[in-house]
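What follows is the residue order along each chain.
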Protein chains: 2
Amino acid sequence: MAQNEELDARKLMILKAIIDDYIESSEPVGSRTVAKKYDMGLSSATIRNEMADLEEMGYISSPHTSAGRVPSTKGYRTYVDKILEPASSDPALANEILSKLEDKMSEYGKLIKACAEIASQLTNYIAIGVTHGSAKNSVKALQLVPVDEQSALVVVVTDDNSVKSKLVSLNEKIEPDRLIEMSGIINRYFYGKPANSVTLMTLNRISEESGISRSLLLPFVDAIFDCIKECGKGQIYTEGTAQLLRHPEFDSIDKARDFIEMIQDEDMLEKIVNQSEDLGNGLTVSIGTENGNDGMSDYSVVSAKFEVDGTCIGTVSVVGPTRMDYKNVISSLEFMKKMLEKKSLEGKKLLTDGSDIGAEDIGDLN
Amino acid sequence: MAQNEELDARKLMILKAIIDDYIESSEPVGSRTVAKKYDMGLSSATIRNEMADLEEMGYISSPHTSAGRVPSTKGYRTYVDKILEPASSDPALANEILSKLEDKMSEYGKLIKACAEIASQLTNYIAIGVTHGSAKNSVKALQLVPVDEQSALVVVVTDDNSVKSKLVSLNEKIEPDRLIEMSGIINRYFYGKPANSVTLMTLNRISEESGISRSLLLPFVDAIFDCIKECGKGQIYTEGTAQLLRHPEFDSIDKARDFIEMIQDEDMLEKIVNQSEDLGNGLTVSIGTENGNDGMSDYSVVSAKFEVDGTCIGTVSVVGPTRMDYKNVISSLEFMKKMLEKKSLEGKKLLTDGSDIGAEDIGDLN
DNA sequence: CGTTAGCACTCGGAATAATTGAGTGCTAAC
DNA sequence: GTTAGCACTCAATTATTCCGAGTGCTAACG
């Protein structure tokens, strides 16, 4: 039987049965189980012959003679690419997720973190959210807030609506009113400009035109740059570490620890997440040895790029054992991805529908 | 031998040896080990007699006949209260910690989170940070930032320098300039006022005096209240969950999972953290059964209230097995606590020393 | 020629038995 | 009061047996 031969329908059915069962039970699957549980109208002996073929072709393997068969990377790959049919989505779930994301929509960092959290809850695996730190953030607004007579808080809002703040200590005393006045002046110079367009020259010009001394201005501008830099930095959120212990592959503490330690390493994460076998639906699945990394050969990664208003705001990846519930993981991520995209379009519409904020909302605050 | 009799010096020494060894090895400690490793100038037989006494008095117990002894809650309590001598602090460590906290000092939420992170790293146990959400936050500054023509971001800075933001959708279009103008007006009404002093009446007055329509004002005021409410809410940060797996008491996955699940439960956390056996140094140690909670009988909690400028900003608790390295945990928390207090005093001083921000800082940003 | 019943064989895992050794309590001598 | 000596206990380790799920192969069947 040639290696590159296509699988016929029956072999595909049997492969599906084996993988479904293995995903469910985490035990090697025997011919009898396939014949009985997934009634194929065939005897176990026939299944056995087919399984021998599948093994020869590299789709499955047996841990030892008297055990059943276990899917190989190639087997999972075929399962994911050719066998898996899309799951239907649950509208109740959709609403639940929507409500959780509702007030996170404004800031992309928090949004990605929330998405990773939800992805982890939906799938029971670890989810990793990575924000798409872009270096060309511009300032949307900034404000200097008096803290005490010689320090102030710089609050910066960048064009992706993320808010960062930094405490600034000054050499000289400064009046709150003066600070607020400065706030307005600096704001005007920074507003809408990409961060890197503000240079030493600009600083001098601000100083000249506004009459604010360079030495007073500098600490604030420094802090503003720090804030921008921080916004540009991609954040990594790892959610659901505790989920790990639910899965039988982590029966020994050592395995769990090794995995967690690998997951903690940010460089490693970068590699893990940046795979690119697009499935056509905007998702990426990397299975076992496909990860290219020794330590990851027993794990799979499903990643989704999340977009809002057409721009990529980050990725969420679900990482779990190769014996992962691909159907659930893929459909969960796909679902969230679609929802975000729809939501961002609807957002515009929603605004014209009127808001449900009424006078009673303020009543109970008194 | 009476239960309430004081331990003599020799018994204390032996108890200390047993606990030290048990903390180090996690194995029941035998008389031979105590005699040889902690040379007491006594034979194992003598130690054995003393150990029998200690057991009778409830300071130690043996898991079974042919094992060594293990400290009881009472034993640990004596160890913590009477035996433990304070550890000396490491100046290099101090600097490292200081630098990590440097730019977190402005916002208490982040500060507590950072402290919990550091505490976990220092001790190798799980650390839980709880912020001291106070309901009477006042607004220090607020700003409305245009997002698109029908939505804006409300950014609120409260008096504890925490910054919260919220996206507001409007029924009508609004010009960016108008928004900035409103920003100034609303700001003036809220500035410095405790949150609950702004009532429906105030809203009407703002509307009258500024000429801004009530319906336009309302969503913003609502959002501001939401931000304040969020600031007031105490946050809980759990750091270092992965540390768990380092300790031999979590040799079985079940134990680890049970513990993690307990720790995830916020109500439970509340109970765990709110213990109050002050040691005189501002710390609180709750050992095993002292926790009063069934599930916690194998764990100990060391908590520290953290204060800045004389007001409590939150607590950091380290949670680990009763066989915890109390010396390290206590001294680590004590150290951080002191550092924060010193730092907050020095802060004022630092401001007058001049800052190290110079022109070169802006140079490399171009 | 594909399918199936039957059978001998394999081998990991569970159950059981044997062995080891760390630690104890007690007694008697110093 | 301290200590050496000794019989005893019992968890943990190791060896041994036993069981059964699963396989591959062969021969018969439609």
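Residues numbered from 1 in each chain as written. Chains lettered and ligands numbered in written order. Predicted model: local features only at pLDDT ≥ 70, side-chain atom pairs only at ≥ 80, totals over all residues. Heavy atoms only, no water.

1. Considerations on the overall build of chain A
Of regular secondary structure, chain A possesses 13 helices and 10 strands. As presented, chain A carries roughly 16,900 Å² of accessible surface, and 48% of it is formed by carbon and sulfur atoms. (Helix = DSSP H or I, 4+ residues; strand = E, 2+ residues; numbered from the N terminus. Areas by Shrake-Rupley, 256 points an atom, 1.4 Å probe, with all protein chains shown as cover.)

2. Comments concerning the protein's contact with DNA strand C
Near DNA strand C, the surroundings consist of 20 residues, among which A:R10, A:T46, A:T65, B:S31 and B:R69 are the closest. The share of sugar and phosphate among atoms of DNA strand C within 4 Å of the protein is 77%. Here a base oxygen of DNA strand C sits 3.2 Å away from a polar atom, N or O, in the side chain of A:S66. Looking at the surface near DNA strand C, the elements that each hand over two or more residues are helix 3 (44–56) of chain A together with helix 3 (44–57) of chain B. (Near = heavy atom within 4 Å. Polar contact = N/O pair within 3.5 Å; in protein donor to acceptor, adjacent residues only side chain to side chain.)

3. What about empty space enclosed by the protein?
Throughout the structure, instances matching the rule amount to three cavities of 30 Å³ or more. The computed volume of the largest cavity comes to approximately 40 Å³. What lines the largest cavity is A:T241, A:A242, A:L245, A:I260, B:T241, B:A242, B:L245 and B:I260. Its residues assigned to classes, the lining of the largest cavity shows six nonpolar, two polar and no charged. (1 Å grid on protein atoms, 1.4 Å probe; cavity = no way out; pocket = protein on both sides within 12 Å on 5 of 7 lines; lining within 4 Å. Points joined across faces, edges and corners; volume = space filled by probe spheres on them. Nonpolar A, V, L, I, M, F, W, Y, C, P; charged D, E, K, R; others polar.)

4. Looking at the protein's contact with DNA strand D
Taken together, 20 residues form the shell around DNA strand D, and within it A:S31, A:R69, B:R10, B:T46 and B:T65 come nearest. Between DNA strand D and A:R69, the relevant distance is 2.8 Å, taken from a phosphate oxygen to a side-chain nitrogen or oxygen of the residue. A distance of 3.3 Å is found between a base oxygen of DNA strand D and a side-chain nitrogen or oxygen belonging to B:R48. Mapped onto the surface near DNA strand D, the elements with two or more residues apiece are helix 3 of chain A together with helix 3 of chain B.

5. A look at helix 10 (residues 253–264) of chain B
End to end, helix 10 of chain B covers 16 Å across 12 residues, agreeing with the expected 16 Å (1.5 Å per residue, within 8%). Every buried residue belonging to helix 10 of chain B is among B:I253, B:A256, B:F259, B:I260, B:M262 and B:I263, and all of these are buried. (Expected span 1.5 Å × (residues − 1). Buried < 20%, exposed > 50% of the residue type's maximum accessible area, 1.4 Å probe, protein only.)

6. Quick word on the state of the cysteines
Applying the stated criterion across every chain yields a total of zero disulfides over all chains. Cysteine A:C115 is unpaired, with the sulfur of A:C312 as its nearest cysteine sulfur at 12 Å. (Disulfide = S-S within 2.5 Å.)

7. Topic: helix 3 of chain B
Residues and elements named next belong to chain B. The end-to-end C-alpha distance of helix 3 is 20 Å, a good match for the 20 Å that 14 residues give at a rise of 1.5 Å each. Residues I47, E50, M51, D53, L54 and M57 constitute the buried set of helix 3. Buried positions in helix 3, seen along its axis, are confined to an arc of 155° and lie on one side of it. Here the buried face of helix 3 lies against helix 1 (9–25), helix 2 (31–37), strand 1 (60–61) and helix 4 (73–83). Once helix 3 ends, the next one or two residues include G58, with phi positive near 90°. (Arc of directions from axis to C-beta. Contact = heavy atoms within 4.5 Å.)

8. A few points about the domain arrangement of chain A
Its domain assignment divides chain A into domain 1 (3–83), domain 2 (91–132 + 234–361) and domain 3 (139–231). A straight line from the C-alpha centre of domain 1 of chain A to that of domain 3 of chain A covers 64 Å. (Domains from an automatic or database assignment.)

9. Focus on the environment of B:G58
Residue and element names in this part refer to chain B. With respect to the secondary-structure elements, G58 resides in the loop between helix 3 and strand 1. According to the relative accessible area criterion, G58 is partly exposed, its value standing at 28%. For the pair formed by G58 and F225, sequence separation is 167 residues and the distance between their alpha carbons is 55 Å. With residues up to four places along the chain from it excluded, the contact list for G58 reads S72, K74 and G75.

10. A short note on the pattern of salt bridges
One pass over the full model with this rule turns up 41 salt bridges over all chains. Close ionic contact of B:R77 with B:E290 constitutes a salt bridge, the shortest N to O distance being 2.5 Å. Of this pair, B:R77 sits in helix 4 while B:E290 sits in the loop between strand 8 (283–287) and strand 9 (299–308), placing them 213 residues apart in sequence. Residue B:R77 is classed as buried on the basis of its relative accessible area, which comes to 13%. Taken together, the shared-partner salt bridges in this structure form one network comprising A:D8, A:R10, A:K11, A:E50 and A:D53. (Salt bridge = Lys/Arg side-chain N within 4 Å of Asp/Glu carboxyl O.)

11. Quick notes on the packing of aromatic side chains
Residue and element names in this part refer to chain A. Taken as a whole and judged by the stated rule, the model has nine aromatic pairs over all chains. Aromatic ring contacts, followed pair by pair, group F250, F259 and Y299 into a single cluster. Geometry around Y59 places K74 over its ring, the cationic atom sitting 4.5 Å from the centre. (Phe/Tyr/Trp six-rings, centres within 6.5 Å; stacked < 30°, edge-to-face > 60°. Lys NZ or Arg CZ within 6 Å of the ring centre and 35° of its normal.)

12. Description of the environment of B:A87
All names here are of chain B. Within the element layout of this structure, A87 appears in the loop between helix 4 and helix 5 (91–101). The class for A87 is partly exposed, based on a relative accessible area of 34%. A C-alpha to C-alpha distance of 6.9 Å links A87 and K327, two positions 240 residues apart in sequence. If we ignore the near neighbours within four places in the chain, the residues touching A87 are K327 and S331.

13. A look at the sheet that holds strand 7 (residues 236–239) of chain B
Residues and elements named next belong to chain B. In spatial order, the strands read 7-3-10-9-8; together these five strands make up an open sheet with antiparallel pairing. Because the sheet does not close on itself, it has two edges, and the strands there are strand 7 and strand 8. When strand polarity is set aside, the average angle formed by the axes of neighbouring strands in this sheet is 15°. Of the pairings in the sheet, the one linking strand 8 to strand 9 comprises five bridges and is antiparallel in character. Across the sheet, residue V285 finds its bridge partner in strand 9, namely V302. In this fold helix 6 (residues 108–123) packs onto strand 3 (126–131), strand 7, strand 9 and strand 10 (311–321), with an angle of close to 25° to the strand it touches most, strand 10. Against the sheet, helix 10 makes contact with strand 3, strand 7, strand 9 and strand 10, and its axis sits at roughly 35° relative to strand 9, the strand it touches most. (Pairing = 2+ DSSP bridges. Axes fitted to C-alpha atoms, helices over the stretch in contact; angles between N-to-C directions.)

14. Notes on the pairing of strand 5 (residues 151–158) of chain A
All names here are of chain A. Counting buried positions along strand 5 gives eight out of eight residues, so the element sits mostly inside the fold. Side-chain alternation along strand 5 places S151, L153, V155 and V157 on one buried face and A152, V154, V156 and T158 on a second face that is also buried. In this structure, strand 4 (residues 139–148) lies alongside strand 5, joined through eight bridges in antiparallel fashion. Within the sheet, the bridge partner assigned to V145 lies in strand 5 and is L153. Adjacent in sequence and paired antiparallel, strand 4 and strand 5 are bridged by two residues. Taken together, the seven bridges between strand 5 and strand 6 (residues 163–169) define a ladder with antiparallel strand orientation.

15. What about a negative patch on the surface?
Side chains of A:D265, A:E266, A:D267 and A:E270 sit close together on the surface and give a patch of like negative charge. Position of A:E266 among the secondary structure elements: in helix 11 (residues 266–273). (Patch = residues over 30% accessible without salt bridge, like charges linked within 9 Å, V, L, I, M, F, W, Y side chains within 5 Å. Lys, Arg positive; Asp, Glu negative; His and termini not counted. Charge placed at Lys NZ, Arg CZ, Asp CG, Glu CD.)

16. A closer look at unusual backbone geometry
Unlike most non-glycine residues, A:N124 shows phi in positive territory, near 65°. With respect to the element layout, A:N124 can be found in the loop between helix 6 (108–123) and strand 3 (126–131).

17. Details of the packing of helix 1 of chain B against helix 3 of chain B
Each packed pair of helices is defined by two parameters, the angle between the axes and the distance between the axes. Residue and element names in this part refer to chain B. One way to put it is that helix 1 packs onto helix 3 with a least axis distance of 10 Å and a crossing angle of 85°. Relative to helix 3, the element helix 1 lies roughly perpendicular. On the side of helix 1, the interface is formed by R10, K11, I14, L15 and I18, while helix 3 contributes T46, I47, E50, M51, D53, L54 and M57. Among the residues making up the contact of helix 1 with helix 3, the classes are represented as seven nonpolar, one polar and four charged. (Parallel < 35°, antiparallel > 145°, perpendicular 65-115°, else oblique.)

18. Things to note about the confidence of the model for chain A
Residue and element names in this part refer to chain A. Residues at a pLDDT of 70 or more form 89% of chain A, whose mean pLDDT is 84. Averaged pLDDT values over the elements of chain A bottom out at 38 in helix 13 (residues 360–363) and peak at 98 in strand 2 (residues 70–71). A low-confidence stretch, residues 348–366 stays under pLDDT 50, and its non-local contacts, those more than four residues away or across chains, total 31 contacts. (pLDDT = per-residue confidence, 0-100.)

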